[in-house]
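One letter stands for each residue in the lines below.
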Amino acid sequence: MAIDMTDSAPPVAGVAGRNLTHGMLDTLGRAIVTGRYETRPFPTEAEIAKTHGVSRSVTREAVKMLTAKGLVSARPRQGTVVQPASAWNLFDTDVLRWTLERKFSVELLRHFNQLRIAIEPEAAALAARFGDAADIAAIRSGLEQMEAGEAGLADPLEADIAFHMAILRASKNPFYAQFQSVVSTALRTSIRFTNRIKGRSANIADHAAVADAIVARNPDSARIAMSRIIGDVLTLIGEA
């Protein structure tokens, strides 16, 4: 009798393998970013496998991923070496998250928000020109969730992030849209920091001004309103 093995062990093993690989990636990535290998050589694949009790294939794949993120490189006769921080890919969300979690850095938040002010105001202007009904609904939903967060009925951090993500998508520019993961990752730290300074969550009226300008199809007003939000954040960071 033939037995169908389509839904049997191999897919489960594959999932387990991916989980092990990403777990190993996270462990090694955090170790690199926190400076564990600043004064000691990066271990060989055999040493990593033995220390963490994983297979060589899992270790090899994790190291390949670290290489793609700019954290390590393989050099002839030197093996795998840790790259300087200037070579790390900060547009990679894992690297950005590890960096932000490593040690709180006002300077890094300042750099991030300087990037935001170069992107998000124009994204808001494009959203006013090209956003469709579904985009407008998503922006309004984000704003409504922010208002609910003020009343303690929703998570204000997630609502604030959802609002900004909806505008990046509404720009209809695939390059801007691909900044979603980077902006979302760094906003979690940036918003917590600025909210702690202000003693409250985001200014609903300022965000409503962006939404209203987008709904009114007024690119200039949308750009100015978004610039004001991020400019205020940069001012707070500068004062800190």
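Along every chain, residues carry numbers that run from 1 in the direction the sequence is written. Per-residue local features of the predicted model are confined to residues with pLDDT of at least 70, and side-chain atom pairs are confined, for both listing and counting, to 80 or more; whole-chain, interface and lining totals are unaffected and use all residues. With hydrogens and water excluded, all non-hydrogen atoms of the structure serve as input to the side-chain values.

### Regarding the pattern of salt bridges
Should a side-chain nitrogen of Lys or Arg be within 4 Å of a carboxyl oxygen of Asp or Glu, the pair is scored as a salt bridge. If you walk through the whole model with that rule in mind, you get 14 salt bridges. For the salt bridge of D26 with R97, the shortest nitrogen-to-oxygen distance reads 3.5 Å. Taken together, the residues span a long stretch of sequence, with D26 in helix α1 (residues 9-33) and R97 in helix α4 (residues 93-102) at a distance of 71 residues. Among the residues examined, D26 registers a relative accessible area of 22% and is labelled partly exposed. Exposure is judged per residue with a 1.4 Å probe applied to protein chains only, and the accessible area is read against the type maximum: over 50% gives exposed, under 20% gives buried, and values in between give partly exposed. Residue R97 is classed as partly exposed on the basis of its relative accessible area of 26%. One salt bridge connects D94 with K69, and the closest N-O pair in it is separated by 3.0 Å. With a gap of 25 residues between them, D94 in helix α4 and K69 in the loop between α3 (56-68) and β1 (72-75) connect regions that are remote in the sequence. Like D94, the residue K69 is buried in the burial classification. It is possible to trace a salt-bridge network through shared partners that takes in D26, R30, K69, D92, D94, R97 and E101. The way it works is that DSSP assigns letters per residue, a run of H or I at least four long becomes a helix, a run of E at least two long becomes a strand, and they are numbered from the N terminus.

### Overview of the environment of G23
Considering the arrangement of structural elements, one finds G23 in helix α1. Distance in space between the C-alpha atoms of G23 and V58 is 9.7 Å, their sequence separation being 35 residues.

### Looking at the packing of aromatic side chains
Pairing of aromatic side chains here covers Phe, Tyr and the six-membered ring of Trp, requires ring centres within 6.5 Å, and sorts the geometry by plane angle: under 30 degrees stacked, over 60 edge-to-face, intermediate tilted. What the rule picks out here adds up to two aromatic pairs. Each ring, one from Y37 and one from F42, has its centre 5.1 Å from the other, and the planes form 70°; the classification is edge-to-face. The same class applies to Y37 and to F42, which are both buried. An angle of 70° between the planes, with centres 5.8 Å apart, marks the rings of F91 and F179 as edge-to-face. Taken as a pair, F91 in the loop between β2 (79-82) and α4 and F179 in the loop between α8 (174-177) and α9 (180-198) lie far apart in primary sequence, 88 residues in all. Since its relative accessible area comes to 48%, F91 is described here as partly exposed.

### Overview of the packing of helix α6 (residues 133-150) against helix α7 (residues 156-170)
Taken N-terminus to C-terminus, the directions of α6 and α7 make an angle of 165°; their axes are 8 Å apart at the nearest point. It follows from the interaxial angle that α6 and α7 lie roughly antiparallel. For the pair α6 and α7, the crossing hand works out as left-handed. Contacts from D135, A138, I139, G142, L143, Q145, M146 and G149 of α6 reach α7 at P156, A159, D160, F163, A166, I167, R169 and A170. Amino acids outside the nonpolar list (Ala, Val, Leu, Ile, Met, Phe, Trp, Tyr, Cys, Pro) and the charged list (Asp, Glu, Lys, Arg) are all regarded as polar, and Gly is one of them. Its residues assigned to classes, the contact of α6 with α7 comprises ten nonpolar, three polar and three charged. Interaxial angle, 0 to 180 degrees, is taken between N-to-C directions of lines fitted to C-alpha atoms, where a helix line uses only the stretch in contact. The labels follow the angle: roughly parallel below 35 degrees, roughly antiparallel above 145, roughly perpendicular from 65 to 115, and oblique for the rest. By convention, the crossing between two helices is left-handed when the near helix turns anticlockwise from the far helix through less than a right angle, and right-handed when the turn is clockwise. Contact criterion: two residues are considered in contact whenever any of their non-hydrogen atoms come within 4.5 Å of each other.

### Some details on the confidence of the model for the chain
Averaged over every residue, the pLDDT of the chain is 88; the share at 70 or more is 91%. Within the chain, α1 has the poorest average pLDDT of any element, 75, and helix α10 (residues 204-215) the best, 97. Known as pLDDT, the predictor's per-residue confidence is scaled from 0 to 100. Taken as a whole, residues 1-15 scores under 50 in pLDDT and shows one contact with residues more than four places along the chain or in a different chain.

### Some points on the pairing of β2
Where β1 meets β2, four bridges bridge the pair, whose relative direction is antiparallel. In the strand pairing of β2, V72 is matched with V82. Strand pairing is assigned whenever DSSP detects at least two bridges linking the two strands. The turn linking β1 back onto β2 is made up of three residues, and R77 within it adopts a positive phi angle of 65°.

### Section: the nonpolar core
Buried together is how nonpolar side chains tend to be arranged in soluble globular proteins. Judged by nonpolar contacts, the single largest core of 24 residues is most densely connected at A124, I139, F163, I167, V210, I214 and M226. Those elements that provide at least two residues to this core are α5 (106-130), α6, α7, α10 and α11 (219-239). With six residues, α10 is the largest single contributor of residues to this core. Excluding residues that lie within four positions of it along the chain, I139 makes contacts with F163, A166, I167, A170, A211 and I214. Residue types Ala, Val, Leu, Ile, Met, Phe, Trp, Tyr and Cys, when buried and joined through side-chain atoms within 4.5 Å, form a set referred to as a nonpolar core. If you look at the next biggest cluster of nonpolar residues, it comprises 22 residues, including L126, M165, L168 and F193.

### Structural notes on the side chain of H164
Within the fold, H164 resides in helix α7. You can call H164 buried: its relative accessible area is 2%. Here the side chain of H164 touches H207 through a polar contact of 3.3 Å, side chain to side chain. Sequence-distant contacts of H164, that is, excluding residues within four places in its chain, are made with R116, E120, L187, H207 and M226. We call two N or O atoms a polar contact when they sit within 3.5 Å, provided that within protein one can donate a hydrogen and the other can accept it, with sequence-adjacent residues counted only if both atoms are side-chain atoms.

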